[in-house]
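Topology and contacts: notes
Here is how the chains run, residue by residue.
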Protein chains: 2
Amino acid sequence: MIKTTICDLFNIEYPVFQGGMAWLGTAELASAVSEGGGLGFIGAGNAPAEWVRQQIQNTRARTSRPFGVNVMLLSPYAKEVIQVVLEERVPVVATGAGNPGSWVPLFKERGIKVIPVVASVALARRLEKAGVDALVVEGIESGGHVGEITTLALVPQVVDSVGLPIVAAGGIGDGRGMAAALALGAQGVQLGTRFICCAECVAHPHFKEKILNARDRATVVTGHTTGHPVRALENKMTRQFAAMEKAGALVSELEAFGTGKLRLGVIEGDLENGSLMAGQVAGLIKDIKPARDIIREIVAEAEAVIRHLHVLGLSGVRA
Amino acid sequence: MIKTTICDLFNIEYPVFQGGMAWLGTAELASAVSEGGGLGFIGAGNAPAEWVRQQIQNTRARTSRPFGVNVMLLSPYAKEVIQVVLEERVPVVATGAGNPGSWVPLFKERGIKVIPVVASVALARRLEKAGVDALVVEGIESGGHVGEITTLALVPQVVDSVGLPIVAAGGIGDGRGMAAALALGAQGVQLGTRFICCAECVAHPHFKEKILNARDRATVVTGHTTGHPVRALENKMTRQFAAMEKAGALVSELEAFGTGKLRLGVIEGDLENGSLMAGQVAGLIKDIKPARDIIREIVAEAEAVIRHLHVLGLSGVRA
């Protein structure tokens, strides 16, 4: 069975993280992933701190295993959410959309493991110096906020630049992607879109179904003009957003238009007017099953892929 | 040693292709790659048919091994270049920037293997029906013309959709990338940027040096407004092009501005005013060496990575 330093560091069975998605990373999903042997994450997104505290407590009621909170640093409540994470002594904190450097000592003092999400070598280097425990290295194929570099190009460049354990994210939906990430030098993987299509995820059934029916070119990136580009399934909402950008809309107008749209899409199931954040692996996902099964199947498939490649190298058997 | 169906199909030692880059895919590079056990490609780009014929003859003078011609279907000379490929009975033809479906029977009649470059599942499916021999599946991290989907997300989706052998391209610069591509289900890899930094490549030494000094975020994509986006190292030329696009320049103005810029950059070595097409793996490339050594080192590294992953799975040794 595949074991890596990520398993030891975070005290988990399989080196499989669930991305801390806003609205979808609730206690239901985070606890199911952690109970399944991976590492579940509550996604704080733009939620108020007390919502996050409730999710932490609900997660603890459902599992005694480690879990994390993903703090979105652009949130108006980021400071208060971090305070809750500190008070609750959540086992792991991930951070997105920024540099959590100044908070690192506070987390470490309380024994909280810190694993920021990074999209560039420069930020990876800075955060290693700041004392974080590991890094999620995320490529542009992921859903939600995206950087500029793909997972395949970015992971080995970060591996060569820092000494930290690395979890690869973006573009990974099955065991082939997991084996590829390990080949690139990562010690674990993080999956978001795959866990939306998980029995325990609170996403609206229509949104889950839309992912099951998605093809390779189903997603688009909008928001370059805001400085915070986002990947989502293309629909009326993304087309309107892109048209506003093209017409030169102000960032404030775009933000006002975007407000409430993620919840409308992923929770209320409005597939045309809501934002349906998802990654380019949407086209790979064909079924909804419990988190535990997703995790075990991905790890088993990754192991089978590695065995197959090994035989290929040994014997000259043709792939 | 890693052998795949790609080796048998194209009668080569290693499943490693050289991308057929305009101006750089000359007889010097193509023959060096083929002599090194991979599959070298002459890049027809926008060159006249007689230049392509000369390169074919020069390549034959340098190697008796198989090689190919990459036909850029947007070229004004595409038809004439295809005629030369047919007359010269080049062993392999690759095609880029379009659908070569109608030409496939003509190539097949003459025993020419056909391996188009595709960036989507839909085109992969159409070309399988058209009777091509294999596909190069290229992600958005590649240099030059780019699609919308990353290699990590696209390759497994194409693998699941067609029965053809697949060569992965985009984002692959070393043996880790090759092992990852094989894990995704590809039977070979194609490298462009890595072969620019090859002793035999006619690229200007200053351009090679700029790749050696590039970081992860060194490239940008311009040309979305023309319908043919291109990835290149960021410089004065890409900034000017992007500014023209932002200001609403016509496609004809953009094309006029772009004319001659690739040669100016990659052959004449004008690093500011020329176009320096390169992929996101530029940041991974640290040395210039003969094509033969590049190929052997990549294959040896891929094999070492696979052995390491196998041990990891067998024994619980930590990565």
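Worth saying up front: this structure is predicted, and the values here are computed from it rather than measured.

1. Brief notes about the sheet that holds strand 9 (residues 166–169) of chain A
Sheets are built from strands paired through backbone hydrogen bonds, the pairs being either parallel or antiparallel. Residues and elements named next belong to chain A. Strand order across the open sheet formed by five strands is 1-10-9-7-6, with parallel pairing between neighbours. Of all the strands in the sheet, the pair left with one neighbour each is strand 1 (16–18) and strand 6 (117–118). Across three bridges, strand 9 lies against strand 10 (residues 188–191) in parallel orientation. Along strand 10, the bridge assignment pairs Ala168 with Val189.

2. Some thoughts on the packing of helix 11 (residues 236–246) of chain B against helix 12 (residues 251–258) of chain B
All names here are of chain B. Between helix 11 and helix 12, the shortest axis-to-axis distance is 10 Å and the interhelical angle comes to 170°. Our classification of the angle between helix 11 and helix 12 gives roughly antiparallel. On helix 12, the residues touching Met237, Gln240, Phe241, Met244 and Glu245 of helix 11 are Glu253, Leu254, Phe257 and Gly258. Classifying every residue of the contact of helix 11 with helix 12 by side-chain character gives five nonpolar, two polar and two charged.

3. Describing the environment of A:Asn58
Residue and element names in this part refer to chain A. One can find Asn58 in helix 3 (residues 49–62). What makes Asn58 partly exposed here is its relative accessible area of 29%. Taking C-alpha positions, Asn58 is 29 Å from Gly101, a pair spaced 43 residues apart along the chain.

4. Looking at the confidence of the model for chain A
Averaged over every residue, the pLDDT of chain A is 95; the share at 70 or more is 98%. Reported confidence for the predicted complex is 0.95 by ipTM and 0.96 by pTM.

5. A look at the relation of the copies chain B and chain A
One chain copy maps onto the other through a rotation about an axis and a shift parallel to that axis. Aligned on chain A, chain B shows an RMSD of 0.0 Å; the corresponding rotation is 180° and the shift along the axis is 0.0 Å. Expressed as an axis order, the relation between the two copies is that of a two-fold axis. Judged by C-alpha distance, B:Ala180 is the residue of chain B that lies nearest the rotation axis, at 1.9 Å. By residue overlap, the copies meet face to face through one surface: 100% of the interface positions of chain B are interface positions in chain A.

6. Section: helix 6 (residues 121–130) of chain B
Residues and elements named next belong to chain B. All buried positions along helix 6 are accounted for by Val121, Leu123, Ala124 and Leu127. Mapping the buried residues of helix 6 onto a view down its axis gives an arc of 160°, with all of them on the same face. Tucked into the core, helix 6 has its buried residues touching strand 5 (113–118), strand 6 (135–138) and helix 7 (151–159). A positive backbone phi angle near 95° is found at Gly131, which sits one or two residues after helix 6.

7. Regarding the packing of helix 2 (residues 27–35) of chain A against helix 3 of chain A
All names here are of chain A. Between helix 2 and helix 3, whose axes approach to 9 Å, the crossing angle comes to 35°. The two elements helix 2 and helix 3 meet at a crossing, and its hand is right-handed. In this structure, helix 2 contributes Ala27, Glu28, Ala30, Ser31 and Glu35 to the contact, and helix 3 contributes Gln55, Asn58, Thr59 and Arg62.

8. What to know about the interface of chain B and chain A
At the junction of the two partners, chain B supplies 50 residues and chain A supplies 50 residues. Between chain B and chain A, roughly 4300 Å² of surface is buried when both sides are summed, and carbon and sulfur atoms account for 59% of that area. The closest approach of N and O atoms between A:Glu148 and B:Arg217, which form a salt bridge, is 2.8 Å. Linking chain B with chain A are 16 residue pairs in polar contact (both at pLDDT 80 or more). Broken down by secondary-structure element, the contributors of at least two residues to the side of chain B that touches chain A are helix 1 (5–10), helix 7, helix 8 (175–183) and helix 14 (291–315) of chain B. Looking at side-chain class alone, the side of chain B that touches chain A contains 24 nonpolar, 15 polar and eleven charged residues.

9. Regarding a positive patch on the surface
On the surface, A:Arg125, A:Lys129, B:Arg215 and B:Lys286 cluster together into a positively charged patch. In this fold, B:Arg215 is placed in the loop between helix 10 (205–212) and strand 10 (219–222).

Parameters and conventions
- Residues numbered from 1 in each chain as written.
- Chains lettered and ligands numbered in written order.
- Predicted model: local features only at pLDDT ≥ 70, side-chain atom pairs only at ≥ 80, totals over all residues.
- Heavy atoms only, no water.
- Pairing = 2+ DSSP bridges.
- Helix = DSSP H or I, 4+ residues; strand = E, 2+ residues; numbered from the N terminus.
- Axes fitted to C-alpha atoms, helices over the stretch in contact; angles between N-to-C directions.
- Parallel < 35°, antiparallel > 145°, perpendicular 65-115°, else oblique.
- Contact = heavy atoms within 4.5 Å.
- Nonpolar A, V, L, I, M, F, W, Y, C, P; charged D, E, K, R; others polar.
- Buried < 20%, exposed > 50% of the residue type's maximum accessible area, 1.4 Å probe, protein only.
- pLDDT = per-residue confidence, 0-100.
- Least-squares fit on C-alpha atoms with pLDDT ≥ 70 in both.
- Arc of directions from axis to C-beta.
- Left-handed = near helix turned anticlockwise from the far one by under 90°.
- Buried area = accessible area lost by both parts, 1.4 Å probe.
- Salt bridge = Lys/Arg side-chain N within 4 Å of Asp/Glu carboxyl O.
- Polar contact = N/O pair within 3.5 Å; in protein donor to acceptor, adjacent residues only side chain to side chain.
- Patch = residues over 30% accessible without salt bridge, like charges linked within 9 Å, V, L, I, M, F, W, Y side chains within 5 Å.
- Areas by Shrake-Rupley, 256 points an atom, 1.4 Å probe, with all protein chains shown as cover.
- Lys, Arg positive; Asp, Glu negative; His and termini not counted.
- Charge placed at Lys NZ, Arg CZ, Asp CG, Glu CD.

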